[in-house]
Each structure stands twice: as C-alpha cells, then as structure tokens.
Amino acid sequence: MSKTWRPATQLVHGGTLRSQYGETSEAIYLTQGFVYETSEAAEARFKGETEGFIYARYGSPTNDMFEKRMCMLEGAEDARATASGMAAVTAAILCQLKSGDHIVAARALFGSCRWVVETLAPKYGIDCTLIDGRDLANWEKAITPKTKVFFLESPTNPTLEVIDIAGVAKLANQIGAKVVVDNVFATPLFQKPLELGAHIVVYSATKHIDGQGRCLGGVVLSDKEWIDENLHDYFRHTGPAMSPFNAWTLLKGIETLPLRVRQQTENAAKIADFLAEQGKVAKVIYPGRKDHPQADIIAKQMTGGSTLVAFEMKGGKDAAFALQNALEIIKISNNLGDSKSLITHPATTTHKNLTEEARVELGISPGTVRLSAGIEDTDDLIEDFAKALAKVSA
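None of these values were measured; they are calculated from a predicted model.

**Brief notes about the packing of aromatic side chains**
Inference 1: Under the criterion given, the structure shown has six aromatic pairs.
Inference 2: With a centroid separation of 5.3 Å and 50° between ring planes, the pair formed by Trp 139 and Phe 150 is classed as tilted. Linking Trp 139 in helix α6 (residues 136-142) with Phe 150 in strand β4 (residues 147-153), this pair joins segments that are eleven residues apart in sequence.
Inference 3: Judged by its relative accessible area of 0%, Trp 139 is buried.
Inference 4: For Phe 150, a relative accessible area of 0% corresponds to the buried category.
Inference 5: Lying over the aromatic face of Tyr 58, Arg 236 brings its terminal NZ or CZ to 3.8 Å of the ring centre.

Shown next, in the form of structure tokens:
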C-alpha cells in the first residue's frame, strides 16, 4: 500500500487482506479463535515468534483491516479497534495511569467523557483538574508534579469550541505528559492531531466513520511503542474489543467517508449562514465562519469546517423544543455524523447529567441546539428550518 495515496484512495483500499478466494469486498471472519497446524506452531504464536491471530478478543483479520485503514488515514503507526467510542476513551486514559497520577482535562467534554475523568478515574486514586481549555495559560497553571495526561476534544461537544492542540502538546512535552485528543467532531479528514503534536487520538467510529447509524465502534491510535507499552495488555485483559461484524460494517462505511463529510460540511456551512440571519436565533457557532471565537486557531489546525452546527434559540427551551418538533426532514436524535440530518437539545439529553452550573460554564443554555448535518439536498434542509422557525413563537 502506497503511503502517497490520498485519503479517498486509502479509505477504499488501505489495509485490505484477501483470502485465497480473492473476494472483492473484505471478508468477515466471524470466529472466536484460530487453529494451528502443530503444537509447536501454537507455542511459537503465543511466544510472539511468529505472526498470526490467537483469539478474537486480541484481534482478527477483519479488525486488523479496519485498524490498518484508520492508521493510514490518521498517520498513526498502530491502532486498536474497540466496541464503542467510550471504550476507546476509557482505554486510552486508564491504560497509562496509576493511583496518584493526575489528569488535566478541558471541561468542554461529552458527558460520558467528563464522567470518566471526573468521576471514574478518582475512584482509582487518579486526580483530575477540569479547566477552560481555550486558554493555554489554564493548562500550564493546572500542571502538578504528578500530571501524566492532558485530555481534550476539539471542536468540543456541543458548543464547537476549538483548542490549540499544538500549544497543549508543547506544554505536555515539557513535563513528559501525553496528550489524548478526541477528534470526532473534526473527523480525520479535517484535523490531524498527531501531526499537531498530540500523542494519542480516539474516535467514536459510531459517528462519521460508520455514518449510517448501523453499529457501535471506537478506535485508539498512537505510535507502536506507546500501544505496546500501555494499551496492549490493557486491551487483551479487559476485553473492550470490537466485534468482527462491526469492523466489517465500519470498513464499508469508511469507503464513503470523504464523500459524505464533504456534503455534510457543505450543508452545515450553508445552514449556519442561514440561521445566523434569523431573528429567532440568538447566535450561531460554526468553525467555518469568520465570527467563530477561535477562528485564528481553526485556520492553523483545521483544513475544513465541521458537519456540526451549534446555535441558540432566543426563546430558551420552549423555543428549542418547538423548533425541533416542527422539523420534518431533520430528525431528533442524540447521535451525530449520520447521513441523515439529526438535531439534539444537549441540556436535556447528552449533557443532562451535568449540573446547571457546569452547563452554564460550557455555554450550554436552555436554548442551545446542536445540528448534525446530513447528506440531504441543501435547499430542502434550509426550507425545513424556515418552515419550522415560522412555527416558533417570537
């Protein structure tokens, strides 16, 4: 496989393994285990003296193809596919920490991500400091002699804040800490955290990588040394492995990732501009607009906008609900990255478990709405919003 291939080619052909039958579509290896020709061959496999698969919890040919394809796209040396995005996040953080260690995390995180660092990790003696990640000075101030991990999303869920990944990585390198980036909202097409200095990248493959609402999945990507020393044994012994069927589904989904994301981003940008002109909308946040608060950082580290739009209705929760309920094409769902346009009210769904104070800190008001643009006709989506807004009381 050529390293000079561009993403659209990598995502169709990268990492493909073919059996003796020469199948066109990747095969699904629905097997728990593997057999060996001799006892000596089994011993050599378990010693690591020969290459091959041992048990589906450790890896399988189908999972291996998905991991290799993601590595080509991300520019990573190695990867492990997990059963869900949250399995990827949890593994990436906990596999490298022990009691007494310290995490610095941007406070603008998906609800479950925040629970992992704020609630779960302390149960095992791992301290966490949550900060406003937009200001590099806050990262520096939060560092202690025991800081081992910096964790962030960029753009963030749901308010699309953007964090200076290169700046955070520079601080981490000064103290020997590792930067873990959840890159879901940017997709690997628009942002390359490893190239910006991050050490580990995680994805919920459930989102754009599948992109069609079919299955759960996640992936952790890094250099081979870090995975061998930290993630390998954690992964083998705690069992967050992706099923081969889901790996195959994601392989088929990833083939069309550039086509889908291109259309989703085009739709999102046009909808953001439309919403910004509506009197019932208080504000719009979109990484492709010049009025984004971190537009200068976006210009440095992202090559595209986003498939997501955040906006705030002037009438608060009542107006947000009225808008969502009046939409016809765009469906109410807590998912994102789907071929179908989806809309979410974070305060009552994805970020419901945060305190009201925490939501205010993150800029999630009762009127905040998150749109995940799909691949439908742009004009149909804008007309859907226009009709729905007309039904919202001023």
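Read on, since the account is not over.
**What to know about unusual backbone geometry**
Inference 1: Each neighbour pair has its own omega, and for Ser 154 with Pro 155 the value is -10°, a cis peptide bond.
Inference 2: Looking at the secondary structure, you find Pro 155 in the loop between β4 and α7 (165-175).
Inference 3: Here the amide bond leading from Asn 157 into Pro 158 is cis, since omega sits at 10°, within 30 degrees of zero.
Inference 4: Checked against the element boundaries, Pro 158 lands in the loop between β4 and α7.

**Remarks on the side chain of Lys 207**
Inference 1: Turning to its location among the elements, Lys 207 is positioned in the loop between β6 (200-204) and β7 (218-222).
Inference 2: If near-sequence neighbours (up to four positions away) are discounted, Lys 207 is found in contact with Val 184, Asn 335, Leu 336 and Gly 337.

**Focus on the side chain of Ser 341**
Inference 1: With respect to the helices and strands, the residue Ser 341 is situated in the loop between β10 (331-332) and β11 (342-344).
Inference 2: Within the structure, the side chain of Ser 341 is placed 2.7 Å from the backbone nitrogen of Gly 374, a separation counted as a polar contact.
Inference 3: Setting aside residues no more than four positions away along its own chain, Ser 341 makes contact with Ile 329, Ile 330, Lys 331, Ser 372, Ala 373, Gly 374, Glu 376 and Leu 381.

**Topic: the sheet that holds β11**
Inference 1: Pairing within the open sheet is mixed, and its five strands lie in the order β8-β9-β12-β11-β10. The open sheet has two edge strands with one neighbour each: β8 (281-285) and β10.
Inference 2: Packed onto the sheet, helix α13 (residues 316-326) meets β9 (308-313), β10, β11 and β12 (368-372) and runs at close to 130° relative to β9.

**What about the nonpolar core?**
Inference 1: Formed by 33 residues in total, the largest nonpolar core has its most connected members in Phe 66, Met 70, Tyr 203, Ile 209 and Leu 221.
Inference 2: Contributions of two or more residues to this core are made by α3 (61-74), β1 (78-82), α8 (187-190), β6, β7, α10 (244-254), α11 (257-276) and β9.
Inference 3: The biggest single contributor to this core is α3, with five residues.
Inference 4: Counting 28 residues, the second-largest nonpolar core is a separate cluster that includes Leu 97, Ala 121, Ile 126 and Trp 226.

**Considerations on the sheet that holds strand β2 (residues 102-106)**
Inference 1: Strand order in the open sheet formed by seven strands is β1-β7-β6-β5-β4-β2-β3, with mixed pairing between adjacent strands. Sheet topology places β1 and β3 (127-131) at the edges, where each strand pairs with a single neighbour. Mean inter-strand twist for the sheet, computed between neighbouring axes without regard to direction, equals 20°.

Criteria and thresholds
Residues numbered from 1 in each chain as written. Predicted model: local features only at pLDDT ≥ 70, side-chain atom pairs only at ≥ 80, totals over all residues. Heavy atoms only, no water. Phe/Tyr/Trp six-rings, centres within 6.5 Å; stacked < 30°, edge-to-face > 60°. Helix = DSSP H or I, 4+ residues; strand = E, 2+ residues; numbered from the N terminus. Buried < 20%, exposed > 50% of the residue type's maximum accessible area, 1.4 Å probe, protein only. Lys NZ or Arg CZ within 6 Å of the ring centre and 35° of its normal. Contact = heavy atoms within 4.5 Å. Polar contact = N/O pair within 3.5 Å; in protein donor to acceptor, adjacent residues only side chain to side chain. Pairing = 2+ DSSP bridges. Axes fitted to C-alpha atoms, helices over the stretch in contact; angles between N-to-C directions. Core = buried A, V, L, I, M, F, W, Y, C linked by side-chain atoms within 4.5 Å.

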